[in-house]
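Structure at a glance
These are the residues of each chain, in order.
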Amino acid sequence: MASWIAVTGSRGLLVVFSIIKNFAKVKALLSSWSRIGYLILFSFVGMCASQLSYFVAVKYSNAPTATVIQFLGPVFIISYLAIRTKMLPRRIDVISIVVALLGTFLLVTGGHIDHLALSPLACLWGLLAAISEAINTIMTRDLFKNYGTINVVGWSMLISGLAFLPLYWRFPVPKLSSNDVGMIFFIIIFGTLFAYTLFLGSVKYILPSTTGMLAAFEPLIATILAVTFLSTPFGLADWVGSGLIILATIFQSLPDSKVSN
């Protein structure tokens with residue numbers, strides 16, 4: 001219960017901040033039932049699904065692997081746009097998909113075709129994290145443009161958090177130490193709210209391509225920290241696979257003028 005209060009409370013503070021700073025945009029966002037419905041839809045299939053599937057993927061694998069697999073999102077974005085526009089992907093898109101899939105193969109198998117280095121659940125939740133991250137990116141484009149990043153992030157986090165309220169009376173709440181509570185608050189404030197808002201808000205000040213390139217270093221940093229401080233096992237195939245997926249993300253971040261069709 002304490003963890004739910006912390007999560008929902010922090011999201012509530014972000015909503016209060018959005019109302020104070022951008023009341024006109026918040027009013028516009030909530031003044032139409034169609035926009036409210038779209039916001040609720042994004043809260044669950046985008047925001048909530050992305051956060052939940054990622055942390056479950058971490059549970060069944062580890063933080064570096066889950067983070068890297070989540071960065072397969074561009075592959076699903078490319079596939080979606082190709083189907084929607086009924087146009088073949090660019091050459092660089094095809095190269096990105098091939099490189100990303102090869103990297104995923106190395107991560108999943110550890111370089112050995114005869115067995116899996118990851119459990120089926122780890123693979124499933126990792127792919128769900130990638131798909132939901134792609135949905136996150138596609139659905140937020142118009143929302144952020146018209147109503148502001150903080151407003152959309154705050155309200156969607158609050159909506160998805162309130163939806164989980166019944167679960168806290170249905171399932172027993174584990175006893176948390178002061179260290180556990182501190183880590184939960186750190187994840188909520190710095191790992192989720194600040195990180196998510198700052199990343200999405202950065203597109204207002206730098207090019208989206210630059211943002212994408214900087215984001216590609218997230219799995220690399222997560223891997224280095226996990227291996228260094230948590231002694232997470234990471235073999236040569238894992239490093240190569242991670243590098244290929246990061247490379248595919250960088251390919252997608254290059255401006256159109258720098259890639260050939």
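Assigned secondary structure in the chain consists of 13 helices and zero strands. In the chain, which comprises 261 residues, the proportion classed as buried is 41%. For the chain, restricting intrachain contacts to residue pairs at least 6 apart in sequence, the fraction spanning at least 24 positions comes to 82%. Of the roughly 14,700 Å² of accessible surface on the chain, 73% is carried by carbon and sulfur atoms.

Attention shifts here to the packing of aromatic side chains. Centre distance and the angle of the planes are the two values used to describe a pair of aromatic rings. Under the defined criterion, the tally for this structure stands at one aromatic pair. A centroid spacing of 5.4 Å and a plane angle of 70° characterise the contact between Tyr54 and Phe55, whose relative ring orientation is edge-to-face. Since its relative accessible area comes to 17%, Tyr54 is described here as buried. Owing to a relative accessible area of 38%, Phe55 belongs among the partly exposed residues under this scheme.

Counting residues in each nonpolar core, the largest one holds 20 residues, and the members touching the most others are Ile69, Leu72, Val75, Ala100, Leu107, Leu118 and Ile245. Of all the secondary-structure elements, those providing two or more residues to this core are helix H4 (63–70), helix H5 (73–85), helix H6 (91–109), helix H7 (120–147) and helix H13 (236–253). In terms of residue count, H6 provides more of this core than any other element does, six residues in total. Not counting residues within four places of it along the chain, the set of residues in contact with Ile245 comprises Val68, Phe71, Leu72, Ala100, Gly103, Thr104 and Leu107.

Before going further, it helps to spend a moment on empty space enclosed by the protein. A probe matching the size of a water molecule, rolled over the atoms, marks out where space remains unfilled. If you walk through the whole model with that rule in mind, you get one cavity of 30 Å³ or more. In this structure, the largest cavity encloses a volume near 50 Å³. Contributing to the lining of the largest cavity are eleven residues, with Pro74, Val75, Ser96, Ala100 and Ala248 lying nearest its centre. When residues of the lining of the largest cavity are traced back to their parent elements, those giving at least two are H5, H6 and H13.

On to the side chain of Ser50. Of note, Ser50 is situated in helix H3 (residues 33–60). Each residue touching Ser50, except ones within four places of it in the same chain, is listed here: Gln70, Ser132, Glu133 and Asn136.

So, about the confidence of the model for the chain. Put simply, the chain has an average pLDDT of 76, and 77% of its residues get 70 or more. The element-level mean pLDDT for the chain is lowest in helix H11 (residues 208–215), coming to 57, with H3 highest at 87. Here residues 257–261 scores under 50 on pLDDT; set against residues more than four positions off or in separate chains, the count is seven contacts.

H4 sits mainly inside the fold: seven of its eight residues count as buried. If you check which residues of H4 are buried, you get Pro64, Thr65, Ala66, Thr67, Val68, Ile69 and Gln70.

Within the secondary structure, Leu14 sits in helix H1 (residues 2–21). For Leu14, a relative accessible area of 14% gives the class buried.

Before going further, it helps to spend a moment on the side chain of Gln70. Mapped onto the fold, Gln70 is located in helix H4. Excluding its chain neighbours within four sequence positions, the residues that come into contact with Gln70 are Ser50, Tyr54, Gly126, Ala129, Ala130 and Glu133.

Okay, a nonpolar patch on the surface next. On the surface, a cluster of nonpolar side chains totalling about 630 Å² of accessible area is made up of Phe55, Phe186, Ile187, Phe190, Phe194 and Leu198. Tracing the sequence through the fold places Phe190 in helix H10 (residues 178–201).

Let's shift gears to H6. Helical periodicity: at 3.6 residues per turn, an α-helix aligns residues three or four positions apart in one direction. For H6, with 19 residues, the first-to-last C-alpha span of 27 Å sits near the 27 Å given by 1.5 Å per residue. Listed in full, the buried residues belonging to H6 are Ile92, Asp93, Ser96, Ile97, Val99, Ala100, Gly103, Thr104, Leu106, Leu107, Val108 and Thr109.

What follows deals with unusual backbone geometry. Apart from glycine, the bulk of residues carry a negative phi angle, and the bulk of peptide bonds sit in the trans form. Positive phi, close to 55°, is recorded for Lys86, a residue that is not glycine. Within the secondary structure, Lys86 sits in the loop between H5 and H6. On the basis of relative accessibility, which here comes to 77%, the residue Lys86 falls in the exposed class.

Each value, and the rule that gives it
- Residues numbered from 1 in each chain as written.
- Predicted model: local features only at pLDDT ≥ 70, side-chain atom pairs only at ≥ 80, totals over all residues.
- Heavy atoms only, no water.
- Helix = DSSP H or I, 4+ residues; strand = E, 2+ residues; numbered from the N terminus.
- Buried < 20%, exposed > 50% of the residue type's maximum accessible area, 1.4 Å probe, protein only.
- Contact = heavy atoms within 4.5 Å.
- Areas by Shrake-Rupley, 256 points an atom, 1.4 Å probe, with all protein chains shown as cover.
- Phe/Tyr/Trp six-rings, centres within 6.5 Å; stacked < 30°, edge-to-face > 60°.
- Core = buried A, V, L, I, M, F, W, Y, C linked by side-chain atoms within 4.5 Å.
- 1 Å grid on protein atoms, 1.4 Å probe; cavity = no way out; pocket = protein on both sides within 12 Å on 5 of 7 lines; lining within 4 Å.
- Points joined across faces, edges and corners; volume = space filled by probe spheres on them.
- pLDDT = per-residue confidence, 0-100.
- Patch = residues over 30% accessible without salt bridge, like charges linked within 9 Å, V, L, I, M, F, W, Y side chains within 5 Å.
- Salt bridge = Lys/Arg side-chain N within 4 Å of Asp/Glu carboxyl O.
- Expected span 1.5 Å × (residues − 1).

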